[in-house]
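# Per-entry structural report
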Amino acid sequence: MKKSTSILMIAILFMGFLAACSTPSYFGKTYSPTDNVDVYLDKADVKQNYTTMGSTKVAKGFSSLEAAQQKVIELGKAKGADGVIMNLSEDVVSTQQTGTGVATQTKKKNVIGTSSSTTTDIKQKNITATFIKYQ
């Protein structure tokens, strides 16, 4: 029993390590690395002229939205972005339904049935980031 618990703990730590080290994929142009990336949540917030240099989408592999945002910023610095426009969305990836039913018999031999069910959407948060270069 103790050996299987140790193996389970090692597997959990390994999966956590892989999740912490995951890097979002990038599609676009690359420039010299930058030291600072401005963060925007809407393209209308960008007051300078810019060109779009690339994008990435982050859906899985991060412990929190803050960690995912930081990885996107670091990727932007590495690719030479001056700014990044981030958009948070949520997709329903599956639906789970649970239910119960009870049948009871009355003194008059009638059977009464009652049931209840609950439907829950399983959602996944996604960050779509557009990297920009100021003109």
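Please refer to the structure higher up on the page.
Quick look at the structure, then. The model shown is predicted, which means the values in this text are computed figures rather than measured ones. (Residues numbered from 1 in each chain as written. Predicted model: local features only at pLDDT ≥ 70, side-chain atom pairs only at ≥ 80, totals over all residues. Heavy atoms only, no water.)

### Overview of the pairing of strand E5 (residues 111-134)
One ladder, built from 8 bridges, connects strand E3 (residues 50-58) with E5; its direction is antiparallel. By the bridge assignment, Ser55 is partnered in E5 with Thr130. Two elements, strand E4 (residues 83-105) and E5, share 22 bridges in a ladder whose sense is antiparallel. Note that in E5 the partner of Ala103 across the bridge is Gly113. Joining the antiparallel neighbours E4 and E5 is a turn of 5 residues, in which Lys109 adopts a positive phi near 70°. (Pairing = 2+ DSSP bridges. Helix = DSSP H or I, 4+ residues; strand = E, 2+ residues; numbered from the N terminus.)

### Observations regarding the pattern of salt bridges
Tallied over the entire structure, the rule returns 2 salt bridges. Linking Glu74 and Lys77 is a salt bridge whose minimum nitrogen-to-oxygen distance equals 3.7 Å. With Glu74 and Lys77 both in helix H2 (residues 65-79) and 3 residues apart, this pair spans about one turn of that helix. Here Asp82 and Lys133 are joined by a salt bridge, their closest N and O atoms 3.6 Å apart. Highlighted residues: Asp82 in the loop between H2 and E4 and Lys133 in strand E5, separated in sequence by 51 residues. The residues Asp82 and Lys133 share a single accessibility class, namely buried. (Salt bridge = Lys/Arg side-chain N within 4 Å of Asp/Glu carboxyl O. Buried < 20%, exposed > 50% of the residue type's maximum accessible area, 1.4 Å probe, protein only.)

### With respect to the environment of Asp42
Inspection of the secondary structure assignment puts Asp42 in the loop between strand E2 (38-40) and E3. On the basis of relative accessibility, which here comes to 38%, the residue Asp42 falls in the partly exposed class. Considering only alpha carbons, one finds Asp42 and Asn87, 45 residues apart in sequence, at a separation of 7.4 Å. Polar contacts involving the side chain of Asp42 include one to the main-chain amide nitrogen of Ala44, which spans 2.7 Å. (Polar contact = N/O pair within 3.5 Å; in protein donor to acceptor, adjacent residues only side chain to side chain.)

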